[in-house]
Amino acid sequence: MIQSANARQNDPVGGAIAALEGCTKRYPGVLALDNASFRVAPGEVRALLGKNGAGKSTLIRMLTGAEVPDSGTVSIDGVALSGSGSARAQEAFVRGVRVVYQELSLVPGMSIAENLFLGRWPRRAGILDYAGMEAEARDAMQRLGLDMPPSDPVAGLSPAERQLVEIARVLLGKPKLVILDEPTSSLAAAEAEKVMAAVKRIAADGIAVIYISHRMNEIRQIARSATVMRDGRIIDTVDVAGADTREIVRLMLGSEAAQAAAVETKARDKVVLDISGLALAPKLACVSFQLRQGEVLGIAGLLGAGRTELLQAIMGVRAYDSGTICVDGTDIRRPGYRAMLNRGFGYTPESRKEEGIVPLLGVDENTVATDFAAVSRRGILSARRIAEATRDVIARLHVKTAATDTPIGTLSGGNQQKVVIGRWVHAGSRVLLLDEPTRGVDVEAKAQIYAIIRQLAAEGRSVIFVSSEIEELPLVCDRVLVLREGRLMEEFKSPNIDQDAVMAACIAGH
Amino acid sequence: MSNDQAVRTVPSGAPRRRGFSQHMNEISLFVAIVVLYVVFTTTANGFMSFNNQINILRDAATIGIAAWAATLIIISGEIDVSVGPMVAFISVALAYLLQWGVPTPLAFVLAIIIGAALGSIAGILRAYFDVPSFVGTLGLWSALRGTALFMTDALPVSIGRNDIVDMLDRPVLGVPPAAIIMLILFAVFAFVSRKTAFGRSVYAIGGNPQAAFLSGINVARIRVQLFAIAGAMAAVSGILLLSRLGSGNATAASGLEFDVIAAVVVGGTALSGGRGSMLGTLLGVLVITLIGNGLVLLGINPFFQQVVRGLIIVVAVLANIQAIKRGAARNKG
Amino acid sequence: MSNDQAVRTVPSGAPRRRGFSQHMNEISLFVAIVVLYVVFTTTANGFMSFNNQINILRDAATIGIAAWAATLIIISGEIDVSVGPMVAFISVALAYLLQWGVPTPLAFVLAIIIGAALGSIAGILRAYFDVPSFVGTLGLWSALRGTALFMTDALPVSIGRNDIVDMLDRPVLGVPPAAIIMLILFAVFAFVSRKTAFGRSVYAIGGNPQAAFLSGINVARIRVQLFAIAGAMAAVSGILLLSRLGSGNATAASGLEFDVIAAVVVGGTALSGGRGSMLGTLLGVLVITLIGNGLVLLGINPFFQQVVRGLIIVVAVLANIQAIKRGAARNKG
Amino acid sequence: AQDKDLKVGAIYMDAQGFYAGVRKGIQDGAKDAGRKLEVIETNAQGDVSKESSFIDSLISAGVQAIIVSPVSADGSFRAIRRAHDAGIPVVCYNTCLSENDMKDYVSAYAVGDPYQFGHKLGDAAADYFLAEKKDAPTIAVLNCEFVEVCVTRRKGFEEALFAKVPNAKIVDNQEGATLDKAVSVASTMLSSHPDLDAFFGEAGGATLGAARAVKSQGRVGKTVVFGGDMTTEIAQELADFSVIKAVVDISGQGLGKLALTQAINSIDGKPPADIKVAYDIDLYKSAEDGKGWLEAHADGIP
Ligand SMILES: Nc1ncnc2c1ncn2[C@@H]1O[C@H](COP(=O)(O)OP(=O)(O)OP(=O)(O)O)[C@@H](O)[C@H]1O
Ligand SMILES: Nc1ncnc2c1ncn2[C@@H]1O[C@H](COP(=O)(O)OP(=O)(O)OP(=O)(O)O)[C@@H](O)[C@H]1O
Ligand SMILES: [Mg+2]
Ligand SMILES: [Mg+2]
C-alpha cells in the first residue's frame with residue numbers, strides 16, 4: 001500500500017527551500033505543466049518520477065528560473081522569483097539553486113575549470129584568476145573522485161566524464177538546492193555509484209536535492225520520498241520505502257505495466273559475424289567473439305570500456321589497428337560504413353539527439369532515410385509508399401505519434417529511439433548494433449524496446465545490445481559478454497545472467 | 001495499443017504548427033508582393049506595362065536560376081558566395097569557345113560542364129577536406145573574377161553573329177527564353193527538393209549531418225553534387241548573360257551573390273540549414289526583383305536605392321521571423 | 001574506486017592534443033610568413049626596405065583593427081559583413097562633422113559613438129529579434145554604402161587643414177600611428193579575450209549558447225556589445241582612413257569585409273564559432289597584407305593578383321585544417 | 001514643344017564624382033532650355049548586365065530619351081539597340097559604342113574622347129620632363145582599367161609621351177581606382193621603384209591617391225603626378241603645385257549639359273548631322289589653373 005506523504009508535503013511550516021504554487025506552462029500544443037504545486041525541504045532527497053514528456057524537466061526549469069510559468073509562482077528560500085531571461089536565472093542561482101540539466105550544458109572548447117565556473121569566473125581586479133580557479137576546480141573534482149587536469153578541454157572527455165564534470169559544477173559554492181536531471185543516464189553502474197555517493201554527501205550537509213531518474217533502483221538507494229508526475233500534473237508524493245515498484249510505476253503510467261519476462265533462449269548455429277583479435281588502441285586490445293543468427297548478444301562493461309568503439313570499428317566508422325571481421329564467413333578486411341549497411345548491418349548511436357535524429361524532419365523521413373529506393377518508383381519518392389512504410393514501422397515498434405509526418409524532434413525520447421531502431425527495420429537490416437538504446441527512456445518505453453528487440457531476434461535478425469544498465473541485460477539477451485581491459489573477459493548465458501555476477505565481472509580487478 | 005491513445009499522447013499542435021508556420025512565411029511574402037505591386041502600379045509610370053512585367057521576369061531569371069541551387073546549398077547548411085564571378089567567368093569562357101569555332105550546342109554543354117567542375121571544387125574541399133564552404137567559395141570568388149579579368153583585360157569578348165545565341169534572347173510569344181528557362185528549372189528544383197531521395201537527403205544533411213551519415217546517406221557525395229549543381233546553374237545564367245549582352249563580360253554580374261543569398265533568406269530559408277522551400281525562394285526572388293525594378297522606374301536616386309534595398313532585406317526577414325513566431329504563439333493560445 | 005581508474009578512463013591524448021593543435025595553427029602560419037618573407041625578399045625589389053616594412057604595417061592596420069573585433073564576433077558564432085561600408089560611412093560622417101566646425105577630439109568621439117550605435121543595430125536585431133547577423137549586417141552593408149554615396153555624390157569630402165588629423169598620419173620615430181594604434185588594440189583585445197569575463201563569455205556563447213545562457217551569462221547583451229565594439233573599431237579605421245586620405249570617401253574600403261573575414265579565417269578561427277585566437281588573427285592579417293604588398297611590388301598583373309589571393313586563402317585554410325588533423329592523428333598514434 | 005515636360009533616363013557608369021557633375025549638367029541644361037525635366041537615373045556600377053536591365057526598365061518607364069555612358073562598347077550595344085528599336089533616341093556621353101554600331105543605334109555622342117584625354121596629358125607630361133631635362137623618366141601607372149575608357153586613356157598618354165620623350169619608360173601598372181587603394185598601391189610602388197619620376201593616374205581617385213602617397217612617403221620634389229579628373233582636392237594639390245603638375249579633365253557638368261541638349265534635339269527630331277559632338281577636354285597645368293578651377297567650382301561639383 002502506498003503511504004501518502006501529502007500530509008507532510010502540504011504542511012505550510014516554512015523550511016521549504018523551494019516551492020512551486022499552481023504553476024502552469026504551455027508550449028505550442030502541449031500543456032507541459034498543469035497547475036503544479038511542489039515543495040522540497042533542506043536535507044531532503046526528493047525523486048521526481050514520470051514517463052518521458054511528463055513534465056519533469058519543465059518543472060525543473062521553473063525552479064531554476066530558466067523559464068517563466070504562464071501562471072503561478074515560484075519561490076526559492078521563501079522569496080518569489082521575478083523578472084525573466086537571464087536575470088531570473090541569476091536570481092535563482094544567487095539563492096542557491098544549482099542544476100545539472102538533461103542536455104549537455106558544457107562548452108566543449110573551454111577547459112574543465114572554465115566550465116566549472118562558467119559565467120562566474122573568479123576575478124581579481126576584473127581579471128580572471130586562473131590559478132585560483134584551477135585550484136578550486138581540482139578540489140571540487142576530487143570530491144567526486146575525479147583526477148583530470150582542470151586545464152584540459154572538455155572536448156576531449158567522454159560523455160560520461162562530461163556528466164561528472166557537470167555534477168562537480170553544482171557542488172561549487174554554497175548550494176541550497178541541487179537538482180539533477182537524469183544525471184546517470186549516460187553512466188554505467190560504477191560511475192552511477194559515484195554520483196549517488198556524492199548526492200548522499202550533499203544531503204547530509206543539509207542541502208535539498210531533487211533527483212530525476214528512470215532507474216528505480218537508484219531512487220530506492222537515495223531518495224526517501226518520490227513525486228510522481230503524469231501529463232504535466234503532480235499525481236502524488238510517496239514514501240519510497242513504503243511503496244513497491246509496481247505501484248509507483250502504475251502511478252506513473254496511470255495503468256498497469258506489462259512485466260518484461262526473462263528470455264527463453266534456444267540453440268542457434270549460423271554465425272553471421274565473427275570477430276577475432278580486434279585491437280584499437282588504447283581501448284581494445286584483443287576482442288574476439290561470434291554473433292549467431294537470431295541471437296541477442298549483450299555487451300556489458302564499465303564506462304569507457306570501449307563498447308562504443310567496438311561497435312564503431314565493426315561498422316567501419318572508426319579505423320581499427322588489427323584483427324579480422326568476418327561476415328557470413330568471409331573476411332571483409334577494412335569495412336566501410338556504407339558497405340556494412342549494404343551487407344545488412346544497422347547501427348544506432350548512443351547519443352540519440354546529436355547523432356540519431358534529424359529533429360526538424362518528420363517521423364516518416366527519419367524512418368525511410370535508410371532506404372529511399374524502397375519507397376521510390378522510378379527514382380521518384382512515392383508519398384503513399386513512404387506513408388505505408390512509416391505506418392508499418394510505427395505499428396511494429398509501437399511508436400506514439402499523431403501523424404507520420406510529425407517532426408521527430410517533438411516526440412518523447414523513447415519514441416524517438418524506437419524510430420531510430422525502426423529505420424533499420426525499414427532497411428531490412430539483419431544485424432543490428434544498438435548502442436545504449438534505452439538511455440533516457442522511461443520504464444514503459446523500455447519494456448517496449450525490450451519486446452521489440454526480442455521480436456526482431458525471433459524474426460531471425462541478430463542484435464548486439466550495448467547497455468550500461470546491467471539489470472536490463474537478463475531481460476533482453478541470450479548471451480552477455482563483459483568487456484574489460486580491452487578484452488571480452490566473461491560470458492553469461494541466459495537464463496544464467498546474474499546481475500551481481502555481471503557487475504562483478506565488469507569491475508573485477510579494480 | 002489503440003490509435004486513440006497514440007493520438008492523445010502526442011503534442012497535438014506540433015504537426016499543424018509546422019504547416020502553419022510554413023504558411024505564414026509564404027503568406028507574408030505574398031502579401032509583401034501584392035503590396036509592392038499596388039504601390040508601384042500607383043506611383044511608378046509604366047510599371048504595369050506588359051513590357052515591364054516581362055523585364056521583371058527577365059531580371060528575375062538572373063537571380064532566380066542561381067537562387068534555386070543556392071536554396072538547396074543553404075538548406076544543406078552550406079553557403080556559396082561565388083555566384084557572380086562564376087557567371088561572369090562562364091560567359092567569358094563560352095565566348096572564347098565560340099570564337100574558337102566550337103559548335104554552339106557543344107559550347108553550351110562544355111560551359112555547363114566547366115561550371116559544374118568549378119563548383120565541385122568547392123564541394124570537394126568541403127566534403128573531403130573540411131574546408132568551410134564560405135572559405136572555398138570565397139576563394140573561387142576571387143580566383144574566378146581575377147581569371148576572367150586577366151584573360152580578357154576587362155574587355156568584352158565579342159562572339160559576332162550567332163543565331164542560336166541570339167535566339168536565346170528573342171522573346172517567344174512575348175516571353176523571354178530566360179524567364180521560361182527559369183520557370184522550368186524552378187519546377188525541376190521544386191520537384192527534386194520534395195520528391196527525390198537526393199532532395200530529402202539535402203534536408204536531412206542540413207538538419208543533422210551526423211544522423212544523415214549514420215542513416216546511410218552519402219553525405220560527402222551529395223555535398224559535392226550540390227556545389228556542382230550550383231556551378232551548372234551559374235553556367236546556365238552565364239549562357240543567358242552572353243545571349244543578352246552578345247559578348248562575354250568579365251565584369252558582369254558583380255554582387256550577384258548578395259542578391260541571390262538575400263533572395264533565399266528573404267524567402268524564409270534558414271542560414272543554419274535544414275529548413276527552407278523553393279516556393280519561398282521564388283517569392284523572395286520576386287520581392288528582390290520587384291524592388292529593384294520599381295525603384296528604378298520611380299527615378300529614385302541610385303545611391304538611395306541601395307539604402308532602400310538594405311532596409312527592405314532586413315525588414316523582410318524580420319517580418320518573416322516575427323510572423324512565424326506569432327503564428328506559433330497564436331497556435332499556442 | 002581508486003584515482004587510478006579515473007586517470008585511465010581519460011582519453012589520454014586529449015589535453016596535449018589541444019596544445020599541439022593550437023600550436024600547429026600558429027606554427028604553420030608563422031612558417032607561411034617566413035616563407036613569404038624569404039620569397040619576396042629575394043624576388044621583389046624594395047621589399048625589405050624600411051619604408052616598405054612600414055607600409056606593410058600601415059596596410060595591416062586597415063585590416064587588423066577591424067579584424068580584432070571580427071575575431072570576437074566570429075568566435076561568438078556570428079558574422080559581420082558590413083565592415084567596408086561602415087569604415088567609409090564613418091570617414092564621410094567625420095569629415096562632415098569637421099566641416100561643420102565640431103572640435104576634432106569631440107568629432108572623433110562622436111564618430112566612434114556613431115560607429116558603435118550603427119553596429120549595435122545589427123547586434124540588437126540578432127540578440128532580440130533573431131535576425132541572423134549575416135542578414136542584419138548585409139542590410140547595413142547596403143544601407144551604409146548607399147547613404148555615404150548619397151550624401152557625398154561619390155565625391156570626396158574635404159576637411160582642409162587639420163593638425164590633429166594630420167598628426168595621425170605622421171610617423172612617430174618612423175612608425176605610423178595607425179600601426180601603433182593597431183598594436184595597442186591588439187594587446188587590448190588579446191587581453192580581453194583571454195583574461196576577462198566578457199572575453200570568456202564570448203567563447204562560451206560561441207561554443208554552446210544554450211549552456212552560456214543557462215549559466216547566467218547575459219547572452220543578448222554580449223551579442224549587442226560585440227557588434228557595438230565592431231562598429232567602434234570600424235570607426236577607428238574610418239578615422240585613420242580620413243587621416244590618411246585627407247578627406248571622407250564614400251567609395252573607400254570597398255571589399256574590406258572580405259579581407260577581414262579572410263584574415264580571421266586564415267588565422268584559424270572557426271566560422272562555426274567557439275574556437276579561435278587573437279594571435280592567429282594577427283598572423284592571418286600579416287599573411288593577407290604581405291601577399292597584397294608583395295604581389296604589387298612584383299608588378300604582377302592586378303587581375304592575376306586576385307587569382308593568387310583566392311588560391312592563397314583556400315590553401316592557407318586547407319593547410320591549417322590538415323595540420324591540425326595530422327597533429328591530432330600523430331598524438332593519438 | 002518648348003514648354004512640354006521632359007522625361008529622360010540617365011545612366012551613370014559607376015560611383016565616381018564625375019557623374020555628380022554630369023547629373024548637375026543635365027539639370028542645368030533643362031533649366032537653360034526652359035523645360036521641366038524628370039530624370040530617371042540609375043548607376044550601372046560598372047556592370048554591363050545591370051546596365052542592360054536598367055535600359056530595359058527605362059524603356060518600360062516610357063522615357064523620351066536615354067542618356068548613357070556605356071560601360072563597354074561591345075557589351076552594351078544590345079541593350080542600346082533594344083532602346084533604339086523601341087524608338088527611344090539614345091545619347092552617349094563620355095563613352096560610346098563602336099563606330100558602326102554608333103551610326104546605327106545612337107543619335108548623338110557627346111564626346112570627350114578618351115584617347116585625346118590621355119594624349120593631352122601625355123603631351124603635358126612630356127613637356128614637363130623636357131623642361132626638367134629628364135630624357136629617360138620612369139613612370140608608374142595607377143589604373144582603372146576594369147573599364148574600357150581607362151585603357152584608351154593610357155594609350156593616348158603613352159603615344160603622346162613617347163613621341164616627345166622616346167626614352168621614357170612605364171615601369172609599373174597597377175589598379176588603384178579608389179582613393180584608399182590608390183594610396184596604398186602607390187606607396188608600395190614607391191618602395192619597389194625608389195627612383196620613380198612620375199605617376200600617371202588614369203582617374204580622379206588614382207591621381208589624388210598618388211599625390212597623397214608621394215607626400216606621405218616624403219618624396220615631394222622627386223616624384224610628380226600627372227592625372228585625370230578634377231575634383232576640389234586635386235585642384236588644391238595643383239594649386240599647391242608641389243606634386244601634381246598637370247591635370248586633364250572633361251567637365252562633367254559641361255558634358256552633361258551637352259548630352260541633354262543633344263537629347264532634346266533628338267526628341268524634337270533634330271539629331272546632329274555628325275553623331276559625334278565634341279566637348280572640350282581641358283588641360284590644367286599650372287598653379288593658377290588650379291586656383292581658377294576652384295573659383296569656378298565653388299560647390300565642388302566637377
Ligand atoms: N522548449 C519546448 N518547446 C516545445 N515543447 C516542449 C519544450 N520543452 C518541453 N516541451 C514539451 O513539454 C512536455 C514536457 O517535457 P519535459 O521535458 O518536461 O518532460 P520530461 O518529463 O522531462 O521527459 P523526459 O523524461 O523525456 O526528460 C513534452 O511534451 C515536451 O515535448
Ligand atoms: N577523446 C575523445 N575524442 C572524441 N571522442 C571520444 C573521445 N573519447 C571518447 N570519445 C567518444 O565518446 C563516446 C563514448 O566514450 P566513452 O569513453 O564514454 O565510452 P566507450 O569507450 O565507448 O565505452 P562504453 O561505450 O563502454 O562506455 C564514444 O563514441 C567515443 O568514441
Ligand atoms: Mg526531461
Ligand atoms: Mg559508449
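Residues numbered from 1 in each chain as written. Chains lettered and ligands numbered in written order. Predicted model: local features only at pLDDT ≥ 70, side-chain atom pairs only at ≥ 80, totals over all residues. Heavy atoms only, no water.

**Topic: the interface of chain C and chain A**
Defined as follows: Contacts: residue pairs with any heavy atoms within 4.5 Å of one another. Throughout, buried area stands for the accessible area (probe radius 1.4 Å) lost by two parts on being put together, summed over both. By definition here, a salt bridge exists when the distance from a side-chain nitrogen of Lys or Arg to a carboxyl oxygen of Asp or Glu is within 4 Å. Two N or O atoms form a polar contact when they lie within 3.5 Å of each other; inside protein one atom must be a possible hydrogen donor and the other a possible acceptor, and for residues adjacent in sequence the pair counts only when both atoms belong to side chains. Strands are runs of DSSP state E lasting at least 2 residues, helices are runs of H or I lasting at least 4, and numbering of each runs from the N terminus. Residues are grouped as follows: nonpolar covers Ala, Val, Leu, Ile, Met, Phe, Trp, Tyr, Cys and Pro; charged covers Asp, Glu, Lys and Arg; every other residue, Gly included, is treated as polar.
Of the residues lining the interface, 30 residues belong to chain C; the matching set on chain A comes to 39 residues. When the two sides are added together, the surface that chain C and chain A hide from each other amounts to roughly 2,900 Å², 62% of it contributed by carbon and sulfur. Between the two partners, chain C and chain A, sit 1 salt bridge. Note that Arg 200 of chain C and Glu 114 of chain A form a salt bridge whose closest N and O atoms lie 2.4 Å from each other. Linking chain C to chain A there are 6 residue pairs in polar contact (both at pLDDT 80 or more). Counting only elements with at least two residues in the side of chain C that touches chain A, the list comes to helix H1 (3-9), helix H2 (14-43), helix H8 (177-195), helix H9 (197-207) and helix H10 (209-214) of chain C. Class assignment of the residues belonging to the side of chain C that touches chain A gives a composition of 15 nonpolar, 10 polar and 5 charged.

**Considering the coordination of the magnesium ion (ligand 4)**
Residues and elements named next belong to chain A. Short version of the rule: Ligating atoms shown are N, O and S within 2.8 Å of the metal, or 3.2 Å for Na, K and Ca, and water is not included, meaning a site may look less than complete. For each residue, the accessible area found with a 1.4 Å probe, counting protein chains only, is set against the maximum for its type, and the residue is called buried under 20%, exposed over 50%, and partly exposed in between.
Protein coordination of the magnesium ion (ligand 4) is provided by Thr 308 (OG1) and Glu 350 (OE), with donor distances spanning 1.9 to 2.5 Å. One end of the pair, Thr 308, is in helix H10 (residues 307-315); the other, Glu 350, is in the loop between strand E18 (345-348) and helix H12 (352-356), with 42 residues separating them in the sequence. Taken individually, Thr 308 and Glu 350 each receive the classification buried, so the pair is uniform in this respect.

**Structural notes on the arrangement of the chains**
Among the 5 pairs of chains in contact, the pair with the most contacts is chains B and C. Separated throughout, chain A and chain D approach each other most closely at a C-alpha pair spaced 38 Å apart.

**Things to note about the domain arrangement of chain A**
The following threshold applies: The split into domains, and so the bounds of each, comes from an automatic or database assignment of domains.
Segmentation of chain A into domains returns domain 1 (1-96 + 176-187 + 203-257), domain 2 (104-174), domain 3 (260-344 + 430-510) and domain 4 (355-429). Each of domain 2 of chain A and domain 4 of chain A has a C-alpha centre, and these two points are 40 Å apart.

**Focus: the site of ligand 1**
All names here are of chain A. Condition: One heavy atom suffices: a residue is near a molecule or strand as soon as one of its heavy atoms comes within 4 Å of it. Throughout, the Shrake-Rupley method with a 1.4 Å probe supplies accessible areas, and for residues the shown protein chains are the sole cover considered.
Contacts to ligand 1 come from 15 residues, most closely from Asn 52, Gly 53, Lys 56, Ser 57 and Thr 58. Here a nitrogen atom of ligand 1 and a side-chain polar atom of Arg 61 are 3.2 Å apart. Within the complex, 74% of the 630 Å² of free accessible area of ligand 1 lies under protein. At the level of secondary structure, the elements contributing two or more residues to the shell around ligand 1 comprise strand E2 (30-40) and helix H2 (56-63).

**Describing the packing of aromatic side chains**
Geometrically, a pair of aromatic rings is defined through the distance of the ring centres and the angle of the planes. Stated formally: The criterion for an aromatic pair is that two Phe, Tyr or Trp rings (for Trp, the six-membered ring) have centres within 6.5 Å, with stacked assigned to planes under 30 degrees apart, edge-to-face to planes over 60 apart and tilted to the rest. Should the NZ of a Lys or the CZ of an Arg lie within 6 Å of a ring centre and within 35 degrees of the ring normal, that charge is described as sitting over the ring.
Taken as a whole and judged by the stated rule, the model has 21 aromatic pairs over all chains. Centre to centre, the rings of Phe 40 of chain B and Phe 47 of chain B are 5.4 Å apart; their planes meet at 50°, and the pair counts as tilted. The class of Phe 40 of chain B is buried, set by a relative accessible area of 5%. Taken together through their ring pairs, the aromatic side chains of Tyr 12, Phe 18, Tyr 19 and Tyr 93 of chain D make up a single cluster. The positively charged end of Arg 120 of chain A is found above the aromatic ring belonging to Phe 93 of chain A, 3.2 Å away from the centroid. The ring of Tyr 320 of chain A has Arg 334 of chain A lying over it, and the distance from NZ or CZ to the ring centre is 4.4 Å.

**Topic: the sheet that holds E2 of chain A**
Hydrogen bonding along the main chain pairs the strands of a sheet, whether they run parallel or antiparallel. Residue and element names in this part refer to chain A. Definition in use: Any two strands between which DSSP finds at least two bridges are classified as paired.
An order of E2-E1-E4-E5 is seen for the 4 strands of this open sheet, with the pairing classed as antiparallel. Sheet topology places E2 and strand E5 (79-80) at the edges, where each strand pairs with a single neighbour. Here strand E1 (residues 18-27) runs beside strand E4 (residues 71-76); their pairing, made up of 5 bridges, is antiparallel. Residue pairing in the sheet places Ala 18 in a bridge with Ile 76 of E4.

**With respect to the confidence of the model for chain A**
Quick note on the threshold: Confidence scores labelled pLDDT are given residue by residue by the predictor and lie between 0 and 100.
Looking at chain A, pLDDT values average 86 and 95% of them are 70 or higher. A low-confidence stretch, residues 1-13 of chain A (pLDDT under 50), is modelled with 26 contacts involving residues beyond four sequence positions or located in other chains.

**Quick notes on the pattern of salt bridges**
In the structure shown here, the tally under the stated rule is 68 salt bridges over all chains. Note that Arg 430 of chain A and Asp 328 of chain A form a salt bridge whose closest N and O atoms lie 2.8 Å from each other. One end of the pair, Arg 430 of chain A, is in the loop between helix H15 (413-426) and strand E21 (431-435); the other, Asp 328 of chain A, is in the loop between strand E16 (322-327) and strand E17 (330-331), with 102 residues separating them in the sequence. According to the relative accessible area criterion, Asp 328 of chain A is partly exposed, its value standing at 38%. A salt bridge links Arg 58 of chain B to Asp 56 of chain D; the nearest nitrogen and oxygen atoms lie 3.9 Å apart.

**Details of the packing of helix H3 (residues 50-75) of chain C against helix H11 (residues 219-245) of chain C**
All names here are of chain C. What counts here: All axes here are fitted lines through C-alpha atoms, helices being fitted over the stretch that makes contact, and every angle between N-to-C directions spans 0 to 180 degrees. An angle below 35 degrees is treated as roughly parallel, one above 145 as roughly antiparallel, one from 65 to 115 as roughly perpendicular, and anything else as oblique.
Look at H3 against H11: their axes get within 8 Å of each other, and the N-to-C directions meet at 175°. As far as their axial angle goes, H11 and H3 are roughly antiparallel. Here Arg 58, Asp 59, Thr 62, Ile 65, Ala 66, Ala 69, Leu 72 and Ile 73 of H3 come into contact with H11, specifically with Leu 226, Phe 227, Ile 229, Ala 230, Met 233, Val 236, Ser 237, Leu 240 and Arg 244. In the contact of H3 with H11, the residues fall into 12 nonpolar, 2 polar and 3 charged.

**As for the interface of chain C and chain B**
Of the residues lining the interface, 41 residues belong to chain C; the matching set on chain B comes to 40 residues. Counting the surface lost from both chain C and chain B, the interface buries some 3,500 Å², and carbon and sulfur atoms represent 81% of this. The three residues of chain C that bury the most area against chain B are Phe 134, Phe 258 and Phe 303 of chain C, which together make up 18% of that side's buried surface. Along the contact surface separating chain C from chain B lie 0 salt bridges. In this structure, the connection of chain C to chain B is made through 2 residue pairs in polar contact (both at pLDDT 80 or more). Elements with a contribution of two residues or more to the side of chain C that touches chain B: helix H5 (104-129), helix H6 (133-152), helix H12 (256-266) and helix H14 (302-332) of chain C. In terms of residue class, the side of chain C that touches chain B is built from 27 nonpolar, 9 polar and 5 charged.

**Structural notes on the state of the cysteines**
Cut-off, in case you're wondering: A pair of sulfur atoms, both from cysteines and within 2.5 Å, is called a disulfide here.
Tallying each qualifying case throughout the model produces 2 disulfides over all chains. At a sulfur-sulfur separation of 2.2 Å, the disulfide partner of Cys 92 of chain D is Cys 96 of chain D. Around the S-S axis, the bridge from Cys 92 of chain D to Cys 96 of chain D shows a dihedral of about 60° and counts as right-handed. We classify Cys 92 of chain D as buried; its relative accessible area is 0%. One disulfide in the model links Cys 144 of chain D with Cys 150 of chain D; its S-S distance is 1.8 Å. Taking the sign of the torsion about the S-S bond as the criterion, the disulfide between Cys 144 of chain D and Cys 150 of chain D, at about -90°, is left-handed. Residue classification places Cys 144 of chain D among the buried residues on the basis of a relative accessible area of 2%. Numbered in order of appearance, the disulfide-bonded cysteines of chain D are paired 1-2, 3-4. Cys 326 of chain A takes part in no disulfide bond, and the closest cysteine sulfur to it belongs to Cys 286 of chain A, at a distance of 14 Å.

**Here's the deal with the site of ligand 2**
The environment of ligand 2 is formed by 16 residues, the closest being Lys 283, Arg 307, Thr 308, Glu 309 and Arg 318 of chain A. Surrounding ligand 2 are residues belonging to chains A and C, so the site spans chains. In the model, a nitrogen atom of ligand 2 is placed 3.1 Å from a nitrogen or oxygen of the Gly 156 of chain A main chain. In this structure, an oxygen atom belonging to ligand 2 sits 3.4 Å away from a main-chain N or O atom of Ala 305 of chain A. If ligand 2 stood free it would expose 590 Å²; the protein chains cover 81% of that surface. For the shell around ligand 2, the element with the highest residue contribution is H10 of chain A, accounting for 4 residues. A breakdown of the residues in the shell around ligand 2 according to their chemical character gives 5 nonpolar, 6 polar and 5 charged. Both domain 2 (104-174) and domain 3 (260-344 + 430-510) of chain A contribute no fewer than three residues apiece to the shell around ligand 2.

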